[in-house]
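# Architecture at a glance
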Amino acid sequence: LERNSRDFVSRVQRINRTTEQLCDWLRQHPAVASVHYPKYATPENYTAFLKPGGGYGGLFSIDLHDAARRAPAVFDALQISKGPNLGCNFTLCCPFTLLAHYQELDFAERCGISRYLLRVAVGLEEPEWLIERFDRALATA
């Protein structure tokens, strides 16, 4: 545990930078309806407590236009690891609402959470590498 924590600060800073670049790119993509990331929703809550070199974190979610049709195709085509964890050295994507609220999808949607939401936990890959994979997956839908 101690050995793995030695470069924690630099890893988190890298994840923060990569996530912000990927989210900025995704927000401009015509297939993406919304990107749920603190930078766009509540930046004041984060900037009030940011430490030097801090960022908005490595976790975000996206909603797609025509999500019922596109989200499954994008998820299947996205060439990154799939799974519900976060904090790995590699990027993971999961259909979070389906996993966390499978028995209550209608309730989740009444609360404003799409059943087709895709959650992403960014790892240490280069931003260009991730953008390329998201671009290819979004193009399939």
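Here the residue numbering is sequential within each chain, running from 1 through the sequence in written order. Side-chain atom pairs in this predicted model are given and counted only at pLDDT of 80 or more, local residue features only at pLDDT of at least 70, and totals for whole chains, interfaces and linings cover all residues. With hydrogens and water set aside, each side-chain value is computed from the structure's full complement of heavy atoms.

Turning to the nonpolar core, a few remarks are in order. As used here, the term nonpolar core means buried Ala, Val, Leu, Ile, Met, Phe, Trp, Tyr and Cys residues forming a set that is joined through side-chain atoms within 4.5 Å. Burial classification: accessible surface area is computed with a 1.4 Å probe over protein chains only, and a residue below 20% of its type maximum counts as buried, one above 50% as exposed, and the rest as partly exposed. Membership of the largest hydrophobic core comes to 28 residues, with the highest contact counts inside it found for Leu-22, Leu-26, Val-35, Phe-60 and Leu-64. Helix and strand labels come from DSSP, where a helix needs a run of H or I of at least four residues and a strand needs a run of E of at least two; each type is numbered from the N terminus. Elements represented by at least two residues in this core include exactly α2 (8–28), β1 (32–36), β2 (59–64), α5 (67–77), β5 (118–121) and α8 (127–140). By residue number, the principal contributor to this core is α8, which donates five residues. The contact definition used throughout considers only heavy atoms, calling two residues in contact when any of these lie within 4.5 Å. For Val-35, the residues in contact, after removing those within four places along its chain, are Cys-23, Leu-26, Arg-27, Tyr-40, Phe-60, Ser-61 and Ile-62.

Spatial strand order, β1-β2-β5-β4-β3: five strands in an open sheet with mixed pairing. For this open sheet the edge positions go to β1 and β3 (81–82), each flanked by a neighbour on one side alone. Two strands qualify as a pair provided DSSP detects at least 2 bridges between them. As paired strands, strand β4 (residues 92–94) and β5 are joined by three bridges and run antiparallel to one another. Looking across to β5, one finds that Leu-92 is bridged to Ala-121. Helix axes are fitted to C-alpha atoms over the stretch in contact, other axes to C-alpha atoms as well, and angles between N-to-C directions run from 0 to 180 degrees. On the sheet, α5 packs against β2, β3, β4 and β5 and is oriented at approximately 135° with respect to β2.

In this scheme Phe, Tyr and Trp rings, the latter by its six-membered ring, pair at centre separations within 6.5 Å, and the angle between planes marks the pair as stacked below 30 degrees, edge-to-face above 60, and tilted otherwise. According to the stated counting rule, one finds three aromatic pairs in the structure shown. Seen in terms of ring centroids, Tyr-37 and Tyr-56 are 6.0 Å apart; in terms of plane orientation they differ by 65°. Their pairing is edge-to-face. Here Tyr-37 is found in the loop between β1 and α3 (38–41), whereas its partner Tyr-56 is found in the loop between α4 (43–47) and β2, with 19 residues between them in sequence. This pair shows no difference in class: Tyr-37 is buried, exactly as Tyr-56 is. Taking the centre distance of 5.9 Å and the plane angle of 55° together, the rings of Tyr-46 and Tyr-56 count as tilted. Linking Tyr-46 in helix α4 with Tyr-56 in the loop between α4 and β2, this pair joins segments that are 10 residues apart in sequence. Here Tyr-46 falls in the partly exposed class, since its relative accessible area comes to 34%. For Tyr-56, a relative accessible area of 14% gives the class buried. Positioned above the aromatic ring of Tyr-40 is the side chain of Arg-27, whose terminal nitrogen or guanidinium carbon lies 3.9 Å from the ring centre. The rule for a charge over a ring is simple: NZ of Lys or CZ of Arg within 6 Å of the ring centre, and within 35 degrees of the ring normal. Above the plane of the ring of Phe-75 lies Lys-82, whose end atom (NZ or CZ) is 5.0 Å from the centre.

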